[in-house]
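# Structural characterization, general
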Amino acid sequence: MTIRVLVVDDQAMVRAGFAALLDAQSDIDVVGDASDGRQALEVSGRTRPDVVLMDVRMPGMDGLEAARRLLDPPPGPAHRPRVLMLTTFDVDDYVYEALRAGASGFLLKDAPPADLISAVRVVAAGDALLAPSVTRRLIADFARNRPAPRRDPRLRLNGLTPRETEVLELIARGLSNREIAAHLVLAEQTVKTHIGRILAKLDLRDRAQAVVLAYESGLVRPGAQ
């Protein structure tokens with residue numbers, strides 16, 4: 001299956017570079033590009049990409065607002081692509097908010113080309129990009145320093161079974177499905193089933209939002225091993 005990608009960045013040379021790199025892959029097709037968030041919404045509605053590669057900081061409508069609108073459209077039939085945020089900083093306030101809005105992860109703009117290609121494939125497959133480890137550090141930093149949400153997120157975990165709670169904790173620590181399976185001595189398919197139930201019970205889009213909730217609820221504490 002070919003992965004349809006929309007590239008969004010306010011710098012034309014950056015857009016062209018990312019597009020050329022991704023288009024050279026046999027399983028990726030760049031279906032459009034946009035220079036700001038507003039244009040991204042228009043092009044996404046027309047081209048219906050699987051993945052939107054979205055710059056965080058842009059004039060006009062920034063990547064955060066565009067991600068919110070793409071991932072939480074008005075009621076009715078809507079196309080919801082996966083959103084992969086791009087940033088030039090390894091600690092960026094906007095990135096945390098984008099993850100809470102439903103983005104599937106983020107990647108540094110200076111990441112190696114192979115990492116960008118891999119990230120698009122990972123996100124298109126329905127997984128969250130929680131590597132490199134800077135993602136977990138970013139979430140932990142904001143979870144440590146921000147005030148708790150008005151609604152106590154711990155209450156949302158009450159519907160999980162003890163095993164599901166254990167799996168959520170390991171997700172938040174950055175373990176892959178294979179690593180979780182080895183740690184808990186389970187089949188990898190069983191781990192996938194647990195994760196699917198966790199996301200459904202907590203009304204979460206993917207693993208990135210699960211990590212945010214795990215930190216905000218106190219299930220995982222920043223700096224703890």
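Residues numbered from 1 in each chain as written. Predicted model: local features only at pLDDT ≥ 70, side-chain atom pairs only at ≥ 80, totals over all residues. Heavy atoms only, no water.

### Brief notes about the pairing of strand E2 (residues 28–34)
Of the strand pairs in this sheet, strand E1 (residues 3–8) and E2 are connected by 6 bridges, and their pairing is parallel. Across the sheet, the residue bridging to Arg4 is Asp29, located in E2. For the handedness criterion, the β-α-β arrangement of E1, helix H1 (residues 12–23) and E2 is classed as right-handed. (Pairing = 2+ DSSP bridges. Helix = DSSP H or I, 4+ residues; strand = E, 2+ residues; numbered from the N terminus. Right-handed = clockwise from strand over helix to strand, strands pointing away.)

### Things to note about the sheet that holds strand E4 (residues 82–87)
Taking strand neighbours across the sheet as the criterion, the 5 strands line up as E2-E1-E3-E4-E5 in an open arrangement whose pairing is parallel. Edge strands, defined here as strands with exactly one partner in the open sheet, are E2 and strand E5 (106–108). Here the strands of the sheet are splayed against their neighbours by 25° on average, with no regard to which way each runs. Against the sheet, H1 touches E1, E2, strand E3 (51–55) and E4, its axis set at about 165° to E2. Strand contacts of helix H2 (residues 37–47): E1, E2 and E3, with the helix running at about 140° to E2, the strand carrying the most contacts. (Axes fitted to C-alpha atoms, helices over the stretch in contact; angles between N-to-C directions. Contact = heavy atoms within 4.5 Å.)

### Re the nonpolar core
If you look at the biggest cluster of nonpolar residues, it comprises 22 residues, and the most contacted ones within it are Leu168 and Leu202. Only helix H7 (162–172), helix H8 (177–184), helix H9 (188–202) and helix H10 (207–216) provide two or more residues apiece to this core. Beyond its immediate sequence surroundings of up to four residues, Leu202 is in contact with Arg156, Leu157, Leu160, Leu168 and Leu213. Ala34, Val52, Ala66 and Leu70 belong to the second largest nonpolar core, which has 20 residues in total. (Core = buried A, V, L, I, M, F, W, Y, C linked by side-chain atoms within 4.5 Å. Buried < 20%, exposed > 50% of the residue type's maximum accessible area, 1.4 Å probe, protein only.)

### A look at the side chain of Glu164
Along the polypeptide, Glu164 turns up in helix H7. Judged by its relative accessible area of 3%, Glu164 falls in the buried class. Excluding anything up to four places from it in sequence, Glu164 contacts Gly159, His194, Arg197, Ile198 and Lys201.

### A word on the pattern of salt bridges
Overall, the coordinates contain 10 salt bridges when judged by the stated rule. The salt bridge involving Asp27 is made with Arg121; its shortest N-O contact spans 2.9 Å. With Asp27 in the loop between H1 and E2 and Arg121 in helix H5 (residues 113–124), this residue pair connects regions lying 94 residues apart in the sequence. One salt-bridge network, in which partners are shared between bridges, spans Asp9, Asp55 and Lys109. (Salt bridge = Lys/Arg side-chain N within 4 Å of Asp/Glu carboxyl O.)

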